[in-house]
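Breakdown of the fold
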Amino acid sequence: MRSAPWPEVFAAIQALLFDSPPPAADAPLLAATAALGITSGTPFDPTRFSPAEGAQIAAGLAQALAIARQGNETGPRLGGWLYPQANLGDYGKDYRYRAQIALSGLGGLPIAEALYLQALSPEGLTQIDSRKAWRLRFAPGALPPVDGFWSLTIYEVTPDGQAFLIDNPSQRYAFGDRTPDLVRGRDGGVEILISAAAPPAVDQAVNWLPAPTSGRPFLLSFRAYRPRPELISGHYRMPALTAL
C-alpha cells in the first residue's frame, strides 16, 4: 500500500472508515478533507477527478509519505537513547506522529505499558554503522527496572528505510532478561557485543548480537514492558552504546 496508486490508497482509507468509524474528535479533519471524496458512507470514486487533479493528489501523497519517513525522532534524547513522545499510543489529534509510528512500527502501546527506545550513535543518529564493533554494558545491579520484561533487538536498515531482522548463522536477533544463556561478568555486570563478525573469544561470543554483514546500518531497539517509573522518567539511564 505504501507504493500503491492514489486511487487504491483512497479506496483503502474509505474501507477502513466504514469498518472502523473515526471518533468525534476527528470530525474537523474529515471536514477539511471532504473535497477528496473520502467519506464513511459511499464508495470512493476516482473518476470525479481530472488527470491534472489526480497528479496533484499523487504529489500530495508522496509528500506525506516523505514526512512520515523522516521517522519518529521527535522525542527527548537522554544518555545516548531516543525516547518516544509522551503521547505514544494515545495520539489524540497528533496525526503526524501517528503516521510516523504507523510507517516505522505499525503501532505502539502507551508508555505505561511499554517503553520503546532507540540507541543513538555518538553522532546522535539512530542508524548505526555496522562496519564498526560496538559494546553495550550494564553495570552490576543496573539492569533495566521493569515489572514485565525487557529486550534489545537489532534490525538491518534497507535502502528504502525499512528495518528487518538480520539473518545470521546463530539465529540470534535479540537479548533480554529472558535470554537463558546471557553471561555476566565477574562483577555481575552484563556486556553485549554488537558486530558483523563474531568475537574471537568464546566467552564474548555468548553475548554477541550479530550486526549486518552487508555494510548497511542497523537499528538497536530497546523494549521494556511494564516499565517502572524511574525508567519512564529517565531517572534510570540506559548505558550508552560505545564503539570498540
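Procedures and definitions
- Residues numbered from 1 in each chain as written.
- Predicted model: local features only at pLDDT ≥ 70, side-chain atom pairs only at ≥ 80, totals over all residues.
- Heavy atoms only, no water.
- Helix = DSSP H or I, 4+ residues; strand = E, 2+ residues; numbered from the N terminus.
- Buried < 20%, exposed > 50% of the residue type's maximum accessible area, 1.4 Å probe, protein only.
- Contact = heavy atoms within 4.5 Å.
- Salt bridge = Lys/Arg side-chain N within 4 Å of Asp/Glu carboxyl O.
- Axes fitted to C-alpha atoms, helices over the stretch in contact; angles between N-to-C directions.
- Parallel < 35°, antiparallel > 145°, perpendicular 65-115°, else oblique.
- Nonpolar A, V, L, I, M, F, W, Y, C, P; charged D, E, K, R; others polar.

Here we come to the environment of Leu 117. Looking at where Leu 117 falls in the secondary structure, it is placed in strand E3 (residues 114–119). Judged by relative accessible area, which is 1%, Leu 117 ranks as buried. In sequence terms Leu 117 and Ala 25 are 92 residues apart; their C-alpha atoms lie 29 Å from each other. Excluding its chain neighbours within four sequence positions, the residues that come into contact with Leu 117 are Trp 81, Leu 82, Tyr 83, Pro 84, Leu 220, Ser 221, Phe 222 and Met 238.

This part is about unusual backbone geometry. Phi at Gln 171 takes a positive value of approximately 50°, unusual for a residue other than glycine. Looking at where Gln 171 falls in the secondary structure, it is placed in the loop between strand E6 (163–164) and strand E7 (174–176). A residue is classified by how much of its surface remains accessible, and Gln 171, at 62% relative accessible area, is exposed. For Arg 226, which is not glycine, the phi dihedral falls at a positive 55°. In this structure Arg 226 comes out as exposed when scored by relative accessible area, which is 51%.

Oppositely charged side chains can form a pair if their charged atoms are brought close together. Enumeration according to the criterion identifies five salt bridges in this entry. The partner of Arg 131 in a salt bridge is Asp 129, with the nearest N and O atoms 3.0 Å apart. The shortest N-O distance in the salt bridge between Arg 135 and Glu 191 comes to 3.9 Å. Of this pair, Arg 135 sits in strand E4 (residues 134–138) while Glu 191 is found in strand E8 (residues 190–195), placing the two residues 56 residues apart along the sequence. Judged by its relative accessible area of 31%, Arg 135 falls in the partly exposed class.

So, about the packing of helix H1 (residues 6–19) against helix H3 (residues 51–69). In the contact formed by H1 and H3, the axes pass within 10 Å of each other and the chain directions differ by 70°. Looking at the two axes, H1 sits roughly perpendicular to H3. Seen from H1, the contacting residues are Trp 6, Val 9 and Phe 10; seen from H3, they are Gly 54, Ile 57, Ala 58 and Leu 61. Residue classes in the contact of H1 with H3 are distributed as six nonpolar, one polar and no charged.

We now examine the environment of Ile 13. Along the chain, the position of Ile 13 falls in helix H1. Taking the C-alpha atoms as reference points, Ile 13 and Phe 44, 31 residues apart in sequence, are found 9.1 Å from one another.

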